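Each chain is listed here by its residues.
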Amino acid sequence: MKNISIWKDTIKEKNYPKLSKDINTDILIIGGGITGISTLYQLKDSNFDVALAEQNKVGNAVTGNSTGKLSYLQNDLIDKIRNNFDDETASLYLKSQIEGIKIVTDIIDKEKIDCDLKKVNSCLYTNKNNEVEKIKKLEKFLKRNNIEVYREKNDIVRNKYMICVNDTYIFHPIKYIYGLLKNNSFPIYENTSIKKIEKNECGYTCYTESNKIKAKKVIVASHYPYFNIPFLFPIKGSLEKSYLSASIYDNDPISLISYSNPFISMRTYKNYLVYLSNSHSLSSDINDKKNFEELNKKLNDLKLKPSYMWSNIDIMTNDGLPYVGKIKDNLFIGTGYNTWGLANGALAGKILSDIIINRENEYVSLFDPKRVNLSKFLGVFNDIYESVNGYIKGFSVKNKEITYRKKDGNKIMDYNGQEIYQKCPHLGCGLIFNDIEKTWDCPCHGSRFDTNGKCISGPANKNNTLKK
């Protein structure tokens, strides 16, 4: 079994250079996931000079750890938006998701991208009696929005009620990312982490470890923005961790998801079943080994043996809507997709490029990062609690495989002779060792480091190796 996503193991990696000199550009995109690459693609015919900086490898972070689904049956999210806003807002969000899916499929058709796209029926189900009525109400809401919904029974999961739609898709997310770059002429820099952004008279100066990028506009398309001001992101959303697998499965294509937590999500890929479960808030459960064991037990119940197992972390916004748009003069953001980042990331690329080119886009106000909603304020208390809880657990939970000691006045941790600092360089939370994937994980904000201390996922924007 491999502790890597099936997408990363079934692709020939592209390699882009690390930034090695100071540059000037009209637009700098920070982040090489689906949001950043989609924005880059949408700007390809503009008159702007554009550059993209990715902390590690293009497409290999959250996008490369996803389930690879394009669906608007998004567990209980539409109901959350209906409760936090109204039916009109939820209808516009539903329309946006259908538009996001269409953006992806149209580009695949136009650019002839081979990314294993397959049109499938998607089904939403519950096995809880108290949720049957909720799904029936959602079913009526979908029909009022001209969605063709039908009932179906499926033997792979027990369910009290299941609804399905027939215009959704599954695909290989990294192959799609690479396909977007097929005819790209803009410079892309991998292994290039932006350490700091400063306002200047013409825009912004962005600093890497050794170089500067001067840009008139900056788009932060990283999964979790590493800066705290002006957006105050740590109190704008929480983090959810999920555990995934891919097992040999020679049956018909499927796409299923449960209505509520603990979420179960399934889809097929060629002769594999991709299975997600055990979702939880990041700081509430830090025992990765236990969660992977529970995932394995569920697979055993289905008589499946995993060939791949991996985890992913998603940002959950307080009101259920993504944050896409302007947060300050010439500074933009695209994040917070509530586990549905593929259609939303493609849509964000279109929204951000439309804002910059001064084109109309009906979703600008819907996803406005500066929107005001009561649920956002109420969620702040939960976000603060999650961060504090993660901070406490980061320093209190010990792992028997790890040696803890002080060195030159600093708390360090030693795994098989590989030493790193105990504190995450983002905001100083204690790191916890992930026994299965062999990574150091931050239980506060989701940064991840390999055993040598190299940062493989933000918001941390620098490595955690010991100073020599």
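In this report, the structure presented in the accompanying data block is examined. What you are looking at is a predicted structure, and each value in this text was computed from that prediction instead of being measured.

What to know about the state of the cysteines
(1) Moving on: Going through the model one piece at a time under the given rule, you end up with 1 disulfide.
(2) Moving on: Two residues share a disulfide in this structure: Cys123 and Cys164, whose sulfurs sit 2.1 Å from each other. Disulfide Cys123 to Cys164: torsion about the S-S bond roughly 105 degrees, handedness right-handed. Here the residue Cys123 occupies a position in strand 4 (residues 118–126), and Cys164 occupies one in strand 6 (residues 161–170), the gap between them amounting to 41 residues. For the pair shown, Cys123 and Cys164 are each scored as buried.
(3) Moving on: With no disulfide of its own, Cys206 lies 13 Å from the sulfur of Cys202, the closest cysteine sulfur.
(4) Moving on: By relative accessible area, which is 0% here, Cys206 ends up buried.
(5) Moving on: Sulfur of Cys442: no disulfide; nearest cysteine sulfur belongs to Cys424 and is 4.2 Å away.
(6) Moving on: Of the residues examined, Cys442 reaches a relative accessible area of 2% and is grouped as buried.

Some details on the side chain of Glu111
(1) Moving on: By secondary structure assignment, the location of Glu111 is in helix 4 (residues 87–111).
(2) Moving on: For the buried Glu111, no salt bridge exists, and the shortest N-O distance to an oppositely charged side chain is 4.3 Å, to Lys44.
(3) Moving on: Within the structure, Glu111 has its side chain in polar contact with the side chain of Tyr41 (distance 2.7 Å).
(4) Moving on: Apart from the residues within four sequence positions on either side, Glu111 is in contact with Tyr41, Lys44, Lys182 and Asn183.

Focus on the sheet that holds strand 18 (residues 403–407)
(1) Moving on: Strands sit in the order 18-19-20 across an open sheet of 3 strands; the sheet is antiparallel. Pairing within the sheet leaves two strands with one partner each, and these edge strands are strand 18 and strand 20 (418–421). Here the average twist between neighbouring strands, direction ignored, is 35 degrees.
(2) Moving on: Summarising the sheet, strand 18 and strand 19 (residues 410–415) pair through 5 bridges and their orientation is antiparallel. Within strand 19, the position partnered with Lys406 by the bridge is Lys411.

Overview of the pairing of strand 17 (residues 331–335)
(1) Moving on: In terms of residue burial, strand 17 counts as a mostly covered element, since 5 of its 5 residues are buried.
(2) Moving on: Because side chains alternate across strand 17, one face comprises the buried residues Leu331, Ile333 and Thr335, and the other comprises Phe332 and Gly334, equally buried.
(3) Moving on: Across 3 bridges, strand 10 (residues 212–220) lies against strand 17 in parallel orientation. The residue bridging Val220 from the neighbouring strand is Ile333, located in strand 17.

Scoring rules and cut-offs
- Residues numbered from 1 in each chain as written.
- Predicted model: local features only at pLDDT ≥ 70, side-chain atom pairs only at ≥ 80, totals over all residues.
- Heavy atoms only, no water.
- Disulfide = S-S within 2.5 Å.
- Helix = DSSP H or I, 4+ residues; strand = E, 2+ residues; numbered from the N terminus.
- Buried < 20%, exposed > 50% of the residue type's maximum accessible area, 1.4 Å probe, protein only.
- Lys, Arg positive; Asp, Glu negative; His and termini not counted.
- Salt bridge = Lys/Arg side-chain N within 4 Å of Asp/Glu carboxyl O.
- Polar contact = N/O pair within 3.5 Å; in protein donor to acceptor, adjacent residues only side chain to side chain.
- Contact = heavy atoms within 4.5 Å.
- Pairing = 2+ DSSP bridges.
- Axes fitted to C-alpha atoms, helices over the stretch in contact; angles between N-to-C directions.

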